[in-house]
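# Summary of the model geometry
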Amino acid sequence: MQIFKRLYNWILSWAESPYGVPALGLLAFAEASFFPVPPDVLLMAMALARPSCAYKYALIAAVGSVLGGILGYYIGWGFWDMSQGYFYHYVPGFDGQKFDYVGHLFGEYGFWTVFAAGFTPIPYKLFTIAAGVFKINLPVFILASIVSRSLRFFLVAALFFFFGKQAREYIDKYFNLITYSVLGLIVLVVILYQSLR
């Protein structure tokens, strides 16, 4: 775990660098397909330093993450047989049982499975690669990724834009609860809509 701590600190150091913006885009891209550290770490540090630019940073993270998710999809679609050893051994959150369960979720819920993974702290890369392995509809995957990743990163940006330094404590304590609560509300709305049709 010490290596992840050093990696985390190295990523945070980019927040004060003139290359912070491209680093954020690259981190969001990499995390969506193979890298273990989420872009929220750098996004929060940059938004804390410059709250007025928080939405710009969120947009960069969202675009990078969706593009990285598409790469993850193609890793699963065309290269899973040769790359699965790397993911199972070196990337947290990957194992055969979880992978099979994700395949089951895709079969049952499609769009909403990708949405839940993209919006909540569930490891997104597990779902982007599994989407390719199980060959779910690519336009549906991209749409769910755009909506969920944008909502996630713009929620972080809004907290920093409106609350500044106080947002950091708030996110550390309540962000997971907020994302799961919003997801639950969306699921409830969808269920009600389906029942009223």
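This text goes with the structure placed above it.
Residues numbered from 1 in each chain as written. Predicted model: local features only at pLDDT ≥ 70, side-chain atom pairs only at ≥ 80, totals over all residues. Heavy atoms only, no water.

If you trace the backbone, R50 turns up in the loop between α3 (40-49) and α4 (54-78). Taking relative accessible area as the criterion, R50 reaches 48% and is therefore assigned partly exposed. Taking the C-alpha atoms as reference points, R50 and F161, 111 residues apart in sequence, are found 8.6 Å from one another. (Helix = DSSP H or I, 4+ residues; strand = E, 2+ residues; numbered from the N terminus. Buried < 20%, exposed > 50% of the residue type's maximum accessible area, 1.4 Å probe, protein only.)

Let us now look at the packing of helix α2 (residues 20-31) against α4. Direction vectors running N to C along α2 and α4 enclose 35°, while the axes themselves pass 6 Å from each other. In the packing of α2 onto α4, the handedness of the crossing is right-handed. For the pair α2 and α4, contact is made by V21, L24, G25, A28 and F29 and by Y57, I60, A61, G64, S65, L67, G68 and L71, respectively. A class-by-class count of the residues in the contact of α2 with α4 yields 9 nonpolar, 4 polar and no charged. (Axes fitted to C-alpha atoms, helices over the stretch in contact; angles between N-to-C directions. Left-handed = near helix turned anticlockwise from the far one by under 90°. Contact = heavy atoms within 4.5 Å. Nonpolar A, V, L, I, M, F, W, Y, C, P; charged D, E, K, R; others polar.)

An α-helical turn contains 3.6 residues, so a residue and the one three or four places further along point in the same direction. With 14 residues, helix α6 (residues 96-109) should reach 20 Å at 1.5 Å per residue; the first-to-last C-alpha distance of 20 Å fits that figure. Buried residues of α6: F99, V102, G103, L105 and F106, and no others. On an axial view of α6, the arc spanned by its buried residues comes to 160°, and they lie on one face. Residues Q97, D100, G107 and E108 are exposed on α6 and point more than 90 degrees away from its buried face. Once α6 finishes, G110 follows within two positions and takes phi at roughly 50°, a positive value. (Expected span 1.5 Å × (residues − 1). Arc of directions from axis to C-beta.)

One pass over the full model with this rule turns up 11 aromatic pairs. Between the aromatic rings of Y73 and F141, the centroid separation amounts to 5.3 Å while the plane-to-plane angle is 40°, which identifies the pairing as tilted. Of this pair, Y73 sits in helix α4 while F141 is found in helix α9 (residues 138-163), placing the two residues 68 residues apart along the sequence. An identical accessibility class is assigned to Y73 and F141; each is buried. (Phe/Tyr/Trp six-rings, centres within 6.5 Å; stacked < 30°, edge-to-face > 60°.)

It is worth spelling out the environment of T128 at this point. Summarising the element assignment, T128 is placed in helix α8 (residues 124-133). On the accessibility criterion, T128 (0% relative accessible area) is buried. When the C-alpha positions of T128 and A117 are compared, they lie 8.9 Å apart, and in sequence the two are 11 residues distant. With residues near it in sequence (within four places) discarded, T128 still touches A32, S33, G69, G72, Y73 and F141.

On to the nonpolar core. If you look at the biggest cluster of nonpolar residues, it comprises 25 residues, and the most contacted ones within it are L24, L42, L43, M46, Y57 and F153. Of all the secondary structure elements, the ones that give two or more residues to this core are α2, α3, α4 and α9. It is α3 that provides the largest number of residues to this core, a total of 7 residues. Counting 21 residues, the second largest nonpolar core, distinct from the first, contains I75, V114, L126 and F141. (Core = buried A, V, L, I, M, F, W, Y, C linked by side-chain atoms within 4.5 Å.)

Right, let's get into unusual backbone geometry. For residues other than glycine, phi is negative in most cases, and the peptide bonds are mostly trans. In this structure, K135 is a non-glycine residue whose phi angle is positive, near 55°. Mapped onto the fold, K135 is located in the loop between α8 and α9. Its relative accessible area of 51% is what places K135 among the exposed residues.

This part covers the side chain of E31. Tracing the backbone through its elements, the reader meets E31 in helix α2. Relative accessible area serves as the criterion here: at 5%, E31 is assigned to the buried category. Sequence-distant contacts of E31, defined by excluding residues within four places in its chain, comprise V37, P38, P39, Y124, K125 and R149.

Taken as a whole and judged by the stated rule, the model has 3 salt bridges. Two residues, E31 and K125, come together in a salt bridge whose shortest N-O distance is 3.6 Å. On the criterion of sequence distance, the pair formed by E31 in helix α2 and K125 in helix α8 is long-range, its members being 94 residues apart. Between R152 and D40 there is a salt bridge, with its nearest N and O atoms 3.0 Å apart. Separated by 112 residues along the polypeptide, R152 in helix α9 and D40 in helix α3 bring together distant segments of the chain. Here the two residues R152 and D40 agree in accessibility, since each one is buried. Counted as one network, the salt bridges with shared partners bring together E31, K125 and R149. (Salt bridge = Lys/Arg side-chain N within 4 Å of Asp/Glu carboxyl O.)

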